Amino acid sequence: MVGKPNVGKSTFFSAATLIPVPIENRPFTTIKPNRGIAYVRSSCVCHEFEVCDDPRQSVCIDGVRLIPIELVDCAGLVPDAWQGRGLGNFFLDEIRRADALIHVIDAAGATDAEGRPCAPGSQDPLEDVQFLEHELTMWLVQILQKDWRRLSQSIATIRGNLVDELYNKLSGLAISKPAIAEAIRNSALDPERPIEWTTQDLREFANQLRHLAKPMLIAANKIDLSISEQNIQRLQQTDYMVIPCSAEAELILRRAANQDLISYRPGDSTFHVKHPDKLTKQQQQVLDTIDKQILTRWETTGIQSALNCAFYDLLQMITVYPVENVERLSDHNGNILPDAFLVPTGTTAKEFAYRIHSDLGEGFLYAIDARSHKRLGEDYVIADRDVIKIVSTRGRK
Ligand SMILES: Nc1nc2c(ncn2[C@@H]2O[C@H](COP(=O)(O)OP(=O)(O)OP(=O)(O)O)[C@@H](O)[C@H]2O)c(=O)[nH]1
Ligand SMILES: [Mg+2]
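Residues numbered from 1 in each chain as written. Chains lettered and ligands numbered in written order. Predicted model: local features only at pLDDT ≥ 70, side-chain atom pairs only at ≥ 80, totals over all residues. Heavy atoms only, no water.

(A) Expanded view of the coordination of the magnesium ion (ligand 2). Note on the magnesium ion (ligand 2): its protein donors are Ser 10 (OG) and Thr 30 (OG1). The metal-donor distances range over 1.9 to 2.1 Å. Of this pair, Ser 10 sits in helix 1 (residues 9–17) while Thr 30 sits in the loop between helix 1 and strand 1 (34–43); the two residues are 20 residues apart in sequence, bridging distant segments of the chain. Given a relative accessible area of 11%, Thr 30 falls into the buried group. (Donors = N, O, S within 2.8 Å, 3.2 Å for Na, K, Ca; no water. Helix = DSSP H or I, 4+ residues; strand = E, 2+ residues; numbered from the N terminus. Buried < 20%, exposed > 50% of the residue type's maximum accessible area, 1.4 Å probe, protein only.)

This is the structure in structure tokens:
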């Protein structure tokens, strides 16, 4: 999670992970990044198979499977962070490992470019979106420019492969070779003659690379403030994937559910008060307001949608359930539908076996589809919600 200071990143983080972290109405409350486990929500296959499951790492609540993912709440970025301003490169470095970015913005425009509180509506959130993209692109340009002359000259003289060279140069940024090759193609640059690339070309290449390697969605936060609505409409007219959110509302609902005051699953569009007599008048009022202003108007608080969107839409992942016994849908300990994995669309049965355990991959013989009981070869491309058993010469240790 990235964005300028004081927009609600830590509130979002705390709502998604239930980890208590400092939240304040001032810039730079977070300095060291917060890391935690959040969940993506999917419809579990347990209802279809009519079984009662025993998840191990994930959670299943009435047929809603919550699959763990790692969420990192970065410190706020201010203009020119790429040149070291504010807490600068320190947070940009956090972004290195990220698969996708959730850009939290203050849709109500109630914080200025540096994250200081200002009158709602006085800051344009569209500018915040552009600012962050610029920072990220310039950060990449800076990394690329370092030693660029030497790299481009060596491509020209020893006819090296630019994709391989850039892959090594950008190691640690979790950027794949196909993404690098695609970014070169999309920027219409000559990979044989990087020596002729201008600074503008390098910027265009970095921009393309950013889109491919660090896909980003916008979590338009503070929808509880009415002024945010018109800004969200403007944002939705652009190419960005925009998810309206209220991190504060989600935090309140999650904490109330945790205290058993209400029944509410992350991403639900309603909640149910379990013990009305245990609520103070003020708590009741807050819950009523969330119900009217957020859930009735926007359907959900948006936090779960943002997490789901990051995995299922931006990263195009699917959910797959590995089992060891296709009759009972269990592992060797008898746990039913014990695991749910998120894998990229296009993953083959053999690649999936490697993901579970390298031994399973190395000894891969075939897989079995728990629905049809048919054998699946190593090149079988896994479909969303597949339940499969991997048969391997080498079992799990
Ligand atoms: N109205 C409203 N306020 C919110 C919402 N989410 C967070 N806030 C408030 O925004 C302020 C900043 O929240 P934080 O979560 O600390 O913001 P941050 O982006 O982590 O800030 P830094 O750590 O400084 O970068 C706090 O006063 C929050 O209560 C929301 O959904 N609605
Ligand atoms: Mg914070």
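(B) Highlighting the sheet that holds strand 2 (residues 59–61). One open sheet accounts for three strands, arranged 1-3-2; its pairing is antiparallel. Strands with a single pairing partner mark the edges of an open sheet, and in this sheet they are strand 1 and strand 2. Mean inter-strand twist for the sheet, computed between neighbouring axes without regard to direction, equals 40°. Looking at chain direction, strand 1 and strand 3 (residues 64–73) are connected through ten bridges and run antiparallel. Each bridged residue has a counterpart across the sheet, and for Ser 43 the counterpart in strand 3 is Val 64. Against the sheet, helix 1 engages strand 1 and strand 3, with an angle of about 60° to strand 1. Docked against the sheet, helix 12 (residues 303–314) engages strand 1 and strand 3, running at close to 80° with respect to strand 1. (Pairing = 2+ DSSP bridges. Axes fitted to C-alpha atoms, helices over the stretch in contact; angles between N-to-C directions. Contact = heavy atoms within 4.5 Å.)

(C) Spotlight on helix 1. Counting buried positions over the nine residues of helix 1 gives nine, a clear majority of the element. Its buried side turned inward, helix 1 meets strand 1, strand 3, strand 4 (101–106), strand 5 (216–221), helix 10 (247–258) and helix 12. Note on helix 1: the residue one or two positions beyond its end, Leu 18, has a positive phi of about 60°.

(D) The arrangement of the sheet that holds strand 11 (residues 364–369) in detail. One open sheet accounts for five strands, arranged 10-9-13-11-12; its pairing is mixed. The outermost strands of the open sheet, each flanked by one partner alone, are strand 10 (341–344) and strand 12 (375–376). Pairing between strand 11 and strand 12: two bridges, direction antiparallel. Its bridge partner lying in strand 12, Ala 367 is registered against Leu 376. Lying over the sheet, helix 12 contacts strand 9 (317–322) and strand 10, oriented at roughly 90° with respect to strand 9.

(E) Here's a closer look at the pairing of strand 11. Relative to strand 13 (residues 386–392), strand 11 runs antiparallel, the two being bridged by five bridges. Residue pairing for strand 13: Tyr 366 is matched across the bridge by Val 391. Hairpin connection, strand 11 to strand 12: the antiparallel pair is bridged by five residues, and His 373 has positive phi, about 65°.

(F) Up close: the packing of aromatic side chains. Scanning the entire structure with this criterion turns up three aromatic pairs. When the centroid spacing of 5.4 Å and the interplanar angle of 35° are considered together, the rings of Trp 148 and Trp 197 count as tilted. A residue pair is termed long-range when its members are at least 10 positions apart, and Trp 148 in helix 5 (residues 148–158) and Trp 197 in the loop between helix 7 (177–186) and helix 8 (199–213) qualify at 49 residues. Each member of the pair, Trp 148 as well as Trp 197, carries the same accessibility label: buried. Grouped by ring-pair contacts, the aromatic residues Trp 148, Trp 197 and Phe 205 constitute a single cluster. Its guanidinium or amino end placed over the ring of Trp 298, Arg 297 lies 4.0 Å from that ring's centre, counting from NZ or CZ. (Phe/Tyr/Trp six-rings, centres within 6.5 Å; stacked < 30°, edge-to-face > 60°. Lys NZ or Arg CZ within 6 Å of the ring centre and 35° of its normal.)

(G) Layout of the packing of helix 4 (residues 125–145) against helix 9 (residues 228–236). It is at 9 Å that the axes of helix 4 and helix 9 come closest, and there the two elements cross at 45°. Here helix 9 runs oblique to helix 4, going by the angle between their axes. Along its contact with helix 4, which presents Pro 125, Leu 126 and Val 129, the element helix 9 presents Asn 231, Arg 234 and Leu 235. Split into classes, the residues belonging to the contact of helix 4 with helix 9 amount to four nonpolar, one polar and one charged. (Parallel < 35°, antiparallel > 145°, perpendicular 65-115°, else oblique. Nonpolar A, V, L, I, M, F, W, Y, C, P; charged D, E, K, R; others polar.)

(H) Main features of the pattern of salt bridges. Under the defined criterion, the tally for this structure stands at 23 salt bridges. With a shortest N-O distance of 3.9 Å, Arg 97 and Glu 70 are connected by a salt bridge. Placement of the pair is Arg 97 in the loop between helix 3 (89–95) and strand 4 and Glu 70 in strand 3, with a sequence separation of 27 residues. By relative accessible area, which is 46% here, Glu 70 ends up partly exposed. Connected through salt bridges with shared partners, the residues Arg 35, Glu 70 and Arg 97 form a single ionic network. (Salt bridge = Lys/Arg side-chain N within 4 Å of Asp/Glu carboxyl O.)

Note that every value here comes from positions in space, so none of it alone points to a role or purpose.
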